[in-house]
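Observations on the model geometry
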Amino acid sequence: MQSGDPTAHAEVDCVRKAGRRRDWHKLTLVSTLSPCPMCSGTAILFKIPHVVIGENRTFLGAEDWMRASGISLTVLDDAQCIALMERMKREKPDLWAEDIGE
């Protein structure tokens, strides 16, 4: 949202900022929300073996695809993450819809 780039989800932005690496297969990606198909695809493409998800109640991303691709997922079901995402949905519904591809 801050950069005006609709593809700059936190997961993709994180990978961009990490730069060129050869150790993706040793890293863990942490996300507040269940990763959308674009972000899941990024984790799959770079063979990131583990993704920690703050919550998947407000939006269920492409978790089955990541698991089928060999990625281990940890869903924390964190109350703060849920509250944050519920607040965003309530206060900025247009941005929420854009961000998750509705």
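Description of the structure in this document.

Reading the values: the criteria
Per chain, residues are indexed from 1 in the order of the written sequence. Side-chain atom pairs in this predicted model are given and counted only at pLDDT of 80 or more, local residue features only at pLDDT of at least 70, and totals for whole chains, interfaces and linings cover all residues. Working from all heavy atoms in the structure, the side-chain values ignore hydrogens and water. For this analysis, a ring pair means two rings from Phe, Tyr or Trp (six-membered ring only for Trp) whose centres lie within 6.5 Å, classed as stacked if their planes differ by under 30 degrees, edge-to-face if by over 60, and tilted for the remaining angles. Helix and strand labels come from DSSP, where a helix needs a run of H or I of at least four residues and a strand needs a run of E of at least two; each type is numbered from the N terminus. For every residue, the accessible area obtained with a 1.4 Å probe (protein chains only) is divided by the maximum for its type, and the residue is called buried under 20%, exposed over 50%, and partly exposed between those limits. We count a charge as sitting over a ring when the NZ of a lysine or the CZ of an arginine lies within 6 Å of the ring centre and within 35 degrees of the ring normal. Paired strands are those between which DSSP finds at least two bridges. Throughout, right-handed denotes a crossover for which the path from the first strand over the helix to the second runs clockwise when the strands point away from the viewer. When a carboxyl oxygen of Asp or Glu lies within 4 Å of a side-chain nitrogen of Lys or Arg, that pair is called a salt bridge. Think of a nonpolar core as a cluster: buried Ala, Val, Leu, Ile, Met, Phe, Trp, Tyr and Cys residues, connected wherever their side-chain atoms sit within 4.5 Å. The contact definition used throughout considers only heavy atoms, calling two residues in contact when any of these lie within 4.5 Å.

Another point: the packing of aromatic side chains. Each aromatic ring pair is characterised by the separation of its centres together with the angle its planes make. Under the counting rule described, the total for this entry stands at one aromatic pair. Geometrically, the ring pair formed by Trp24 and Phe46 is tilted, given 5.1 Å between the ring centres and 50° between the ring planes. In this pair, Trp24 sits in the loop between helix 1 (10–18) and strand 1 (28–33) while Phe46 sits in the loop between helix 2 (37–45) and strand 2 (50–55), placing the two residues 22 residues apart along the sequence. The exposure class assigned to Trp24 is buried, which follows from its relative accessible area of 8%. Residue placement shows Arg21 over the ring face of Trp24; its charged tip is 5.7 Å from the ring centre.

Glancing now at the pairing of strand 3 (residues 72–75). With four bridges connecting them, strand 2 and strand 3 associate as parallel partners. Bridge pairing links His50 to Ser72 in strand 3. For the segment spanning strand 2, helix 3 (residues 63–68) and strand 3, crossover handedness is right-handed.

This part covers the pattern of salt bridges. According to the stated counting rule, one finds seven salt bridges in the structure shown. Of the charged contacts in the structure, one is a salt bridge between Asp23 and Arg21, with a shortest N-O distance of 2.7 Å. For Asp23, a relative accessible area of 25% translates into the label partly exposed. Using a relative accessible area of 29% as the deciding quantity, one classes Arg21 as partly exposed. A salt bridge links Arg67 to Asp64; the nearest nitrogen and oxygen atoms lie 3.8 Å apart. Here Arg67 pairs with Asp64, and both are found in helix 3, just three residues apart, close to one helical turn. Using a relative accessible area of 41% as the deciding quantity, one classes Arg67 as partly exposed.

Here strand 1 runs beside strand 2; their pairing, made up of five bridges, is parallel. Considered in strand 2, the bridge of Ser31 is made with Ile53. Once the chain exits strand 1 it traverses helix 2 before rejoining the sheet at strand 2, and the crossover so formed is right-handed.

What follows covers the nonpolar core. Listed in full, the eleven residues of the largest apolar core are Val15, Trp24, Leu29, Ala43, Ile44, Ile48, Val51, Ile53, Met66, Ile71 and Leu73. Of all the secondary-structure elements, those providing two or more residues to this core are helix 2 and strand 2. With residues up to four places along the chain from it excluded, the contact list for Trp24 reads Val15, Ala18, Gly19, Phe46, Lys47, Ile48 and Pro49. In this structure, Val12, Cys36, Phe59 and Trp96 belong to the second largest nonpolar core, which totals eight residues.

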